[in-house]
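# A structural walkthrough
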Amino acid sequence: MRLIIMGPPASGKGSQGPFIENYYNIPHISTGSMFREEIKKGTKLGKELKAILDKGQFVNDDLTNEMVRSRLLKEDARKGFLLDGYPRTVPQAEYLDNFLSEQGLKIDYAINLYADEDLLIKRVTGRRTCPKCGHIYNIYSDLKPKKMDVCDDCGTSLVKRADDTEEIIKERLVVYHNKTEPIIKYYKDKGLIVDVDGSLTAEGTFLEFLKLIGEKK
Ligand SMILES: [Zn+2]
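So, here's what we can say about the structure. (Residues numbered from 1 in each chain as written. Predicted model: local features only at pLDDT ≥ 70, side-chain atom pairs only at ≥ 80, totals over all residues. Heavy atoms only, no water.)

### Section: the pairing of strand S4 (residues 109-114)
Across four bridges, strand S1 (residues 2-6) lies against S4 in parallel orientation. Each residue of the ladder has a partner; that of Leu 3, found in S4, is Tyr 109. Here S4 pairs with strand S7 (residues 193-197) via five bridges, running parallel. Note on S7: the bridge partner recorded for Tyr 114 is Asp 197. (Pairing = 2+ DSSP bridges. Helix = DSSP H or I, 4+ residues; strand = E, 2+ residues; numbered from the N terminus.)

Shown next, in the form of C-alpha cells:
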C-alpha cells in the first residue's frame, strides 16, 4: 500500500501514522522528521537544511525529492509507505509519480483529512501541556484535566504554548489551504483522493478510511 496523507494543522494527521504503519506494516515517512533528524546528526546536508529552515524558507524541490527518493529506496519501503509532508508542490508530486512509474508502481490513495475550522481552532487553542511530565490536555474535549489548569498525573500547573492562539492557527489554516489546493487537485484529477473525517477520534478516523476504501478491519 502506497499512501500520501494531507491535512490542515490539528486535523490529527500525526496520530494516523501509527495506525496505518501497524495495519499495513509500512513505514511512516515524514519529511519534517527526516529534516529534523538530519539536522540533529549535524551532517553537511543537515547544516544546509538548518540554514534554510532557520530563515523560515522551504526546502527546495530538488533537495526534498532527493531525500525522499533515497528513503523510498530503502528495503522497508519496498512494499509500501505512508508519506507525510510530501509532496508539497506539484513538481514534487510529478517527480514522485515518475520515480514510482519507473518501477511499475503508483500511489494507491491520497488521504485528505478534513474537519470544521471551529474544531481545528479548539484543538489548538485548548491545548495545555504539563511542563514536568509532558502530559497533553485539551480543555475543550474529554482530554481536559480533572482540575482546571493542573496536571492530573503530577499536580504541576499546565502551560499554554505562546503560538497556540486563534490568530496564529487561522493564519496557518489559510497558508495550508493555499499551498495544498494544487496538490489536492492533482490527486483528485487522478481519482486518488479519499476525503476522511478528521473530527473523529484517531482510531475512528482510521476506521473511516478503511471503510471508504472498502477494506474491513
Ligand atoms: Zn504532569
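### As for the coordination of the zinc ion
Here the zinc ion is held by the protein donor atoms Cys 130 (SG), Cys 133 (SG), Cys 151 (SG) and Cys 154 (SG), which lie 2.3 Å from it. One can describe the site at the zinc ion as tetrahedral: its four donor atoms subtend angles covering 98 to 123° at the metal. Read in sequence order, the donor residues coordinating the zinc ion give the pattern C-x2-C-x17-C-x2-C. With a gap of 21 residues between them, Cys 133 in the loop between strand S5 (127-129) and strand S6 (136-138) and Cys 154 in the loop between S6 and helix H7 (166-189) connect regions that are remote in the sequence. A relative accessible area of 30% places Cys 154 in the partly exposed class. (Donors = N, O, S within 2.8 Å, 3.2 Å for Na, K, Ca; no water. Tetrahedral: all angles 85-135°; square planar, octahedral: opposite > 155°, others 65-115°. Buried < 20%, exposed > 50% of the residue type's maximum accessible area, 1.4 Å probe, protein only.)

Taken by themselves, the reported measurements are silent on function.
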